[in-house]
Amino acid sequence: MLPARLHASTRRGEPLTTVHVTGEVRVPLALYAVDERRGDVDLVLSRTEAHRLFTQLAEALGLVHSVPAPRGLEAVR
């Protein structure tokens, strides 16, 4: 028998938390198999990982557009 495929949603009413000293970010998640709740888990990210995930999600949602690196001054002439 194959293990059930789980998906996650944020736990309602539970805000994410941060540890300012380490930069750790914890996102409370609920795990589901189809529509049956199977448990709770925290997604734990470093500050760098959280920033990267936020940027990728914002881009995927069309909230932010990637900007190409500026050209060198010699290319402006």
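Heads up: these notes are all about the structure in this document.

Some remarks on helix α1 (residues 47–60)
Phase 1 of the analysis: Taking 1.5 Å per residue, 14 residues should reach 20 Å; α1 reaches 20 Å between its end C-alpha atoms and fits that length.
Phase 2 of the analysis: Immediately beyond the C-terminal end of α1, within one or two residues, lies G62, with a positive phi of roughly 80°.

Quick word on the environment of G13
Phase 1 of the analysis: Among the structural elements, G13 can be located in the loop between β1 (7–10) and β2 (17–19).
Phase 2 of the analysis: For G13, a relative accessible area of 82% gives the class exposed.
Phase 3 of the analysis: Spatially, the C-alpha atom of G13 lies 9.8 Å from that of P28, the residues being 15 residues apart in sequence.

A closer look at a nonpolar patch on the surface
Phase 1 of the analysis: Together, L43, L53 and L57 give the surface a local cluster of nonpolar side chains, amounting to about 230 Å² of exposed area.
Phase 2 of the analysis: With a relative accessible area of 47%, L57 lands in the partly exposed category.

Let's talk about the nonpolar core
Phase 1 of the analysis: If you look at the biggest cluster of nonpolar residues, it comprises five residues: V25, V27, L29, L45 and A50.
Phase 2 of the analysis: When neighbours within four sequence positions are excluded, L29 is seen to be in contact with A8, S9, T10, R11, G39, D40, V41, D42 and L43.

Notes on the pattern of salt bridges
Working definition: two side chains of opposite charge can pair if their charged atoms are close together.
Phase 1 of the analysis: Tallied over the full model, the rule gives six salt bridges.
Phase 2 of the analysis: Linking R11 and D42 is a salt bridge whose minimum nitrogen-to-oxygen distance equals 3.2 Å. Of the two residues, R11 is situated in the loop between β1 and β2 and D42 in strand β4 (residues 36–45); the sequence distance between them amounts to 31 residues.
Phase 3 of the analysis: Owing to a relative accessible area of 12%, R11 belongs among the buried residues under this scheme.
Phase 4 of the analysis: On the basis of relative accessibility, which here comes to 33%, the residue D42 falls in the partly exposed class.
Phase 5 of the analysis: The salt bridge partner of E36 is R38, with a shortest N-O separation of 3.3 Å.
Phase 6 of the analysis: In this structure, a network of salt bridges that share partners links the residues R11, E14, E24, R26 and D42.

Re the side chain of R11
Phase 1 of the analysis: Among the polar contacts listed, one links the side chain of R11 to the side chain of E14, at a separation of 3.1 Å.
Phase 2 of the analysis: Within the structure, R11 has its side chain in polar contact with the side chain of D42 (distance 3.2 Å).
Phase 3 of the analysis: Once residues within four sequence positions are removed from consideration, R11 is found in contact with P28, L29, A30, R37, D40, V41 and D42.

Quick word on unusual backbone geometry
Phase 1 of the analysis: Even without being a glycine, V34 presents a positive backbone phi close to 60°.
Phase 2 of the analysis: The residue V34 is located in the loop between β3 (24–33) and β4 in this model.
Phase 3 of the analysis: A relative accessible area of 70% means that V34 is categorised as exposed.

Rules used throughout
Residues numbered from 1 in each chain as written. Predicted model: local features only at pLDDT ≥ 70, side-chain atom pairs only at ≥ 80, totals over all residues. Heavy atoms only, no water. Helix = DSSP H or I, 4+ residues; strand = E, 2+ residues; numbered from the N terminus. Expected span 1.5 Å × (residues − 1). Buried < 20%, exposed > 50% of the residue type's maximum accessible area, 1.4 Å probe, protein only. Patch = residues over 30% accessible without salt bridge, like charges linked within 9 Å, V, L, I, M, F, W, Y side chains within 5 Å. Areas by Shrake-Rupley, 256 points an atom, 1.4 Å probe, with all protein chains shown as cover. Salt bridge = Lys/Arg side-chain N within 4 Å of Asp/Glu carboxyl O. Core = buried A, V, L, I, M, F, W, Y, C linked by side-chain atoms within 4.5 Å. Contact = heavy atoms within 4.5 Å. Polar contact = N/O pair within 3.5 Å; in protein donor to acceptor, adjacent residues only side chain to side chain.

By themselves, these figures tell us nothing about what the structure is for.
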